[in-house]
Amino acid sequence: MLAFVIRRVLQSLLVLLVVGAVAFSMFRFVGDPIDNMLGQERTQEDIDRLRGQLGLDQPFVVQYVKFLQGAVQGNFGVSYRQGRPVSDILMERAPATLELAAVSGVLAIGIGIALGVFTAIRRDGFAANAIMSLSLIGVSLPTFLIGILLIYLFSVELGWLPSFGRGETVRIGGWTTGFLTESGLKALILPSITLGLYQMTLIMRLVRSEMLEVLRQDYIRFARARGLRERAVNFRHALKNTLVPVITVTGLQLGSIIAFAIITETVFQWPGVGLLFINAIQFVDIPVMAAYLMLISVMFVGINLIVDLLYFAIDPRLRADKTAAH
Amino acid sequence: MKPVLSIRDLTVEIPTRHGILRPVSGVSYDIEAGEILGVVGESGAGKSMAGNAVIGLLSPPAHVARGEIHVNGTRIDQLKGDAMRRLRGKEIGMVFQDPLTSLNPLLRIGDQLTETMQAHLGIGQADAQRRAIAALEEVGIPGAAERVNSYPHEFSGGMRQRVVIALALCAEPSLIIADEPTTALDVSVQAQIIALLKRLCRERGTAVMLITHDMGVIAEAADRVAVMYAGQLAELGPVREVLTTPHHPYTHGLMGSTPLASKGKARLHQIPGAMPRLDALPDGCAFHPRCPHAVDACRADPGPRIDTGSARAACLFPLVQEGVA
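Residues numbered from 1 in each chain as written. Chains lettered and ligands numbered in written order. Predicted model: local features only at pLDDT ≥ 70, side-chain atom pairs only at ≥ 80, totals over all residues.

Draft legend 1. View of the overall build of chain B. For chain B, the count of helices and strands is 12 helices and 10 strands. In terms of C-alpha radius of gyration, chain B reaches 20 Å, essentially the compact-globule figure of 20 Å for 325 residues. Principal-axis analysis of the C-alpha atoms gives chain B an extent of 65 × 50 × 40 Å. Each of the 325 residues in chain B was classed as buried or not, and the buried ones make up 46%. In chain B, 66% of the contacts between residues at least 6 apart in sequence involve partners at least 24 apart. (Helix = DSSP H or I, 4+ residues; strand = E, 2+ residues; numbered from the N terminus. Rg over C-alpha atoms; globule rule 2.2 N^0.38 Å. Buried ≥ 20, exposed ≤ 12 C-beta atoms within 10 Å, placed from the backbone. Contact = placed C-beta atoms within 7 Å.)

Draft legend 2. How the structure looks around the interface of chain A and chain B. Taken residue by residue, the interface counts 21 residues in chain A and 25 residues in chain B. Elements that contribute at least two residues to the side of chain A that touches chain B include exactly helix H9 (218–225), helix H10 (230–259) and helix H14 (316–320) of chain A. If one sorts the elements of the side of chain A that touches chain B by residue count, H9 of chain A sits on top with 7 residues. Looking at the side of chain A that touches chain B, its residues break down into 9 nonpolar, 4 polar and 8 charged. (Nonpolar A, V, L, I, M, F, W, Y, C, P; charged D, E, K, R; others polar.)

Draft legend 3. Seen up close, the pairing of strand E8 (residues 207–211) of chain B. Residue and element names in this part refer to chain B. Along E8, 5 of the 5 residues are buried, which leaves the element largely enclosed by surrounding structure. Residues Ala207, Met209 and Ile211 line one face of E8 and the alternating positions Val208 and Leu210 line the opposite face, and both faces are buried. Looking at chain direction, strand E3 (residues 36–40) and E8 are connected through 4 bridges and run parallel. In the strand pairing of E8, Ile36 is matched with Val208. With 5 bridges joining them, strand E7 (residues 175–179) and E8 adopt parallel strand pairing. (Pairing = 2+ DSSP bridges.)

Draft legend 4. Structural context of the environment of Asn52 of chain B. Residue and element names in this part refer to chain B. In this structure, Asn52 sits in helix H1 (residues 47–55). You can call Asn52 buried: it has 21 C-beta atoms within 10 Å. In this structure, the C-alpha to C-alpha distance between Asn52 and Thr11, residues 41 residues apart in sequence, is 12 Å. Sequence-distant contacts of Asn52, defined by excluding residues within four places in its chain, comprise Leu57 and Leu58.

Draft legend 5. Layout of the nonpolar core. Of all hydrophobic cores here, the largest spans 156 residues; its most connected members are Leu37, Ala166, Val208, Met209 and Leu210 of chain B. With 13 residues, helix H8 (residues 182–215) of chain A is the single largest residue contributor to this core. Contacts of Leu37 of chain B, omitting those with residues within four sequence positions, involve Tyr29, Ile31, Val208, Met209, Leu210, Ala222, Arg224 and Ala226 of chain B. (Core = buried A, V, L, I, M, F, W, Y, C linked by C-beta atoms within 7 Å.)

Draft legend 6. Expanded view of the sheet that holds strand E9 (residues 224–229) of chain B. All names here are of chain B. The strand order across the open sheet formed by 6 strands is E6-E7-E8-E3-E9-E10, and the pairing between neighbours is mixed. Every other strand in the sheet has two partners, leaving strand E6 (92–95) and strand E10 (232–238) as the edge strands with one partner each. Pairs of neighbouring strands in the sheet enclose a mean axial angle of 15°, with direction left out of account. The sheet contact formed by E6 and E7 spans 4 bridges and is parallel. The residue bridging Val95 from the neighbouring strand is Ala178, located in E7. This element, helix H7 (residues 157–169), spans E6 and E7 of the sheet and lies at about 170° to E6. (Axes fitted to C-alpha atoms, helices over the stretch in contact; angles between N-to-C directions.)

Draft legend 7. Layout of the packing of helix H6 (residues 126–140) of chain A against H8 of chain A. Residue and element names in this part refer to chain A. H8 packs onto H6 with a crossing angle of 130° between their chain directions and a minimal axis gap of 8 Å. In terms of orientation, H6 and H8 fall into the oblique class. Our pair here, H6 against H8, has a crossing hand that is left-handed. Between H6 and H8, the residues in contact are Ser135, Gly138 and Val139 and Leu197, Tyr198, Met200, Thr201, Leu202, Met204 and Arg205, respectively. Within the contact of H6 with H8, the residues separate by chemical class into 6 nonpolar, 3 polar and 1 charged. (Parallel < 35°, antiparallel > 145°, perpendicular 65-115°, else oblique. Left-handed = near helix turned anticlockwise from the far one by under 90°.)

Written out as structure tokens, the structure is:
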């Protein structure tokens, strides 16, 4: 088990290096940050001097290695736009995104699994069919449109919920949270539904199809033949067996909740890292973009590692031949 | 003494777009306590369907359309939902064909045993755990006290079928439906499993419906045998008599197509043709298109029904005087 974890961590580091290299090779096509940093009144001399200061005159490999040298010490450079250390800016913005992602994730997993199980058990019922039809909306409507529709309905027409921002936040140490104030909680509702709806419907449809598959298995028939209660058959026997494939997809979806919070954050002007990234692209703020991409890759890689470890926790067959399997 | 299982005129129907199919049609038989009734027939003859009807696990739209099922004198074919669930495992146990897929791969076998006992016997966790170990010992699992914490994949096929039998018997049902319990096993293990099933049922006085297409298993284990053909009972009688002097031409054909060492290298007899599909059953006796002795009367008259004990074979012209070819 330990050997497996170590191997996976090494693989993960390799993935991070490649992501960084790809990112750096592409930054030069985003635009020239110098244009944005110096005003109209600039000389070629100013441009060359600043370019030299920032190290932008060097080949991207050199820039990348310098970035890595700083990154391993927790130094991601200074934002071109704000003139402050990138790590400070990220730390400031990360709580907003992480709270939003956490609420969306919990909604998506909780409601997704519950509805998936329900629609599988009552698969010919009216309610189950209605939910399945409605879920097509969640799968097919683009996120920004859902966000705009929700804002129109609940903010503009009904006036129940705020249409943008985080509301009031409370500062605890280095973390700002919106969980502790009424306006903060209210502000979370629409963005988290917008962000989690697609994942929720996806998880629901996946749980449903896996569950239908499992309910056909002999061990479910045998569990019924032993006179176990329906609840025990459905949840203890069937649901547990659907979890391995569901966890794989759910893990990746959680990663994308964080990564694709960009769109939701833009629609709701949510002060998180996604909005930060969009602004950074517009300004060609290379240190911010690089740090953001690395952060997202770390999260994806970390979630994948956790998913792999969860397999072992759920499925005893993997534990038995763990050396053979990997 | 009342029979443990008593089936009268059992008919299972499946409504389809092309009409109603009857995978089981007018079947009647009893099984006494401690008795093993072998149910034989080709695939699709309705033998498993009858077993599923008894334990109330027909998959919809299949349903019991006619007839009665009594277990220990109580009529059960009309029970629904939770009332039927209480009987499953407690009164009627079931052993499935494939031990590799009958056990939940993610649960320890001890947990699967204790949950079954706790669902029926109203006992505590510690008591159930003790009984689980005893149940595993009884089916011949070595080191039961440790093995109770193992997962299904840590057992061989034969051992898993022993676990399945322990599970089916752990709430002490009075009837066991064993649906092809040895078909998926190695030949060397088959005899052990049959011997185990036989011993446990003798000791406890459990009635057994042993569904199989293997005549060898029937000869080895069963007291009486019911031969099914196209959803109907073709012949019912004590196993020795049915096997040595079959009355129904179909049984005779089945016996002729079973390889026996005593017959040497003689060519195996085949029954010409195939069992009719359920949506295209012939009039009269269902077997007449394949029967070497069929006459015009067979095309109109299905022959006597086996439900009163008066007839042994559902045939107008039983082969009473003929022995096995």
